[in-house]
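# Per-entry structural report
Residues per chain are reported as follows:
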Amino acid sequence: MPGTAISSLDMVRRLVGFDTTSRDSNLALIDFVRDYLDGWGVASELVFDDARRKANLYATIGPADRGGIMLSGHTDVVPVDGQAWDSDPFAVTEKAGSLYGRGTSDMKSFIAVVLSLVPDFIKRGLKTPVHFAFSYDEEVGCVGVRGLIAELKQRPVRPAACIVGEPTMMQPVIAHKGKKSMRCRVRGLESHSALAHEGVNAVEAAAEIVTFLKAMARRKRDHGPFDQGFVPPYTTIQTGTISGGVALNIVPRDCSFDFEFRNIPADDQQALFAEVRRHAETVVLPEMRAVSAATGIAFEEMNAVDGLDMPADHELVRLAQSLSGANAVGKVSFAAEAGLFQQADIPTVICGPGSIDVAHKPNEYIALDQVRQCERFMRRLMDHLSR
């Protein structure tokens, strides 16, 4: 595909046409992007997962001896299973000034705009480079980008700043909540329910910890700390799944449940978890061990994503405001890769086309005006990088 020019809208159509649901490979899309960039003389680096079924793509336009700005987006999308779509989710439908399809808002339109403008980035002869970072498995815990970040950390020159194109209606976002997902496994002692005193009920022990988590959640809701930039403006704590027991007349030996913290910057993930573990080990476990020393409570971290917390007066924030034309900045409650980039000492903001309100839902869409706004943003970025 030597030097093939593709408009933003046609690029959206092509990218949405790849079913990159997180459970599947994204390599067909990555190969397309790599070939497209290669046609314009832009080399790509791929960072694969262990099975080589998925890959991050990293590319640079401009001088390689200075930091520059990284434009980051994830290539994976959430499943459409069980959703009632009015059209094929993997074939863009244009209707009433919007493009409908899975990933149109979250977040293939941002990637499409960036790619469509590659010829313009090249023609401008950038004095400061622009980098492209397209990841996999963001939707299942920001998993894939970690390998790319590890690679970037080894380089003598890494991006000086990053803009993540998650859907924010092209309004700069300077903070997102962190997320810590945990699994708790409770091992009790089974017995006949008629002799319940001889057993240790794993379901009831688990329920005590779940109840403690709920009490923590109420405390955060009622007493904070609060940050009014978020919705809701406090750390949330919830239990999502629970499983245990085999029959009503058997005191259950095993129970497991999954819970999560979505913390504002004022709360520390580790401190939140330490409070839960302390309650389990000092209140729940001693009563279990009084019956049997073989009982136990184990916690496993399934995933953790650092929150983003950028100062409102940071030069990158001011740049994002200038490029977008926005006077205000915002904060979001969903987790994103931005916090991981910031933890890797790459200042990061979020600013991209589309609305999170329609993401992950049937008939996901993006307004054509949002695509045009993103194009204007990128052209202003070209001006900035050409000075």
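Each remark here, short or long, concerns the structure printed above.
Every value quoted in this text rests on a predicted model; they were computed, and no experiment measured them. (Residues numbered from 1 in each chain as written. Predicted model: local features only at pLDDT ≥ 70, side-chain atom pairs only at ≥ 80, totals over all residues. Heavy atoms only, no water.)

Another aspect to go through is unusual backbone geometry. Between G224 and P225 the backbone carries a cis peptide bond, its omega angle lying at 15°. Relative to the elements of secondary structure, P225 occurs in the loop between α6 (202-223) and β11 (236-244). Between V231 and the following residue, P232, the backbone shows a cis peptide bond with an omega angle of -5°. Examined against the element boundaries, P232 turns out to sit in the loop between α6 and β11. Although it is not a glycine, C142 adopts a positive phi angle of roughly 55°. Relative to the assigned elements, C142 resides in the loop between β6 (130-135) and α5 (145-153). Its identity is not glycine, yet H360 carries a phi of approximately 70°, on the positive side. Structurally, the position occupied by H360 is in the loop between β17 (348-350) and β18 (365-367). (Helix = DSSP H or I, 4+ residues; strand = E, 2+ residues; numbered from the N terminus.)

This next bit is on helix α8 (residues 315-324). In terms of burial, α8 is a largely internal element, seven of the 10 residues being buried. By the burial criterion, the buried members of α8 are L316, V317, L319, A320, Q321, L323 and S324. Check the buried side of α8 and you find it contacts β3 (69-74), β7 (161-164), β8 (173-176), β17 and α10 (368-385). A positive phi of about 80° marks G325, the residue just after α8. (Buried < 20%, exposed > 50% of the residue type's maximum accessible area, 1.4 Å probe, protein only. Contact = heavy atoms within 4.5 Å.)

Taken together, three strands build an open sheet; the order of strands is β4-β5-β18 and the sheet is antiparallel. Both edges of this open sheet fall to β4 (93-95) and β18, since each of them pairs with a single strand only. For this sheet, the mean inter-axis angle between neighbouring strands, taken without regard to orientation, is 25°. With three bridges connecting them, β4 and strand β5 (residues 98-100) associate as antiparallel partners. Counterpart to E94 in the pairing with β5 is L99. Contacts from α10 reach β4, β5 and β18 within the one sheet, and its direction differs from that of β18 by about 65°. (Pairing = 2+ DSSP bridges. Axes fitted to C-alpha atoms, helices over the stretch in contact; angles between N-to-C directions.)

Burial analysis of strand β9 (residues 178-187) places seven of its 10 residues in the buried class, which makes it a mostly covered element. Across 10 bridges, β9 lies against strand β13 (residues 254-263) in antiparallel orientation. Residue pairing across strands places M182 opposite F259, the latter belonging to β13. Two elements, β9 and strand β14 (residues 296-305), share nine bridges in a ladder whose sense is antiparallel. Bridge pairing links V186 to I297 in β14.

Summed over the entire model, instances satisfying the criterion amount to 23 salt bridges. Between E94 and R13 there is a salt bridge, with its nearest N and O atoms 3.0 Å apart. Of this pair, E94 sits in strand β4 while R13 sits in helix α1 (residues 8-16), and the two are 81 residues apart along the sequence. E94 gets classed as partly exposed once you look at its relative accessible area, which sits at 45%. D31 is the salt-bridge partner of R34, the closest N and O atoms lying 3.2 Å from each other. (Salt bridge = Lys/Arg side-chain N within 4 Å of Asp/Glu carboxyl O.)

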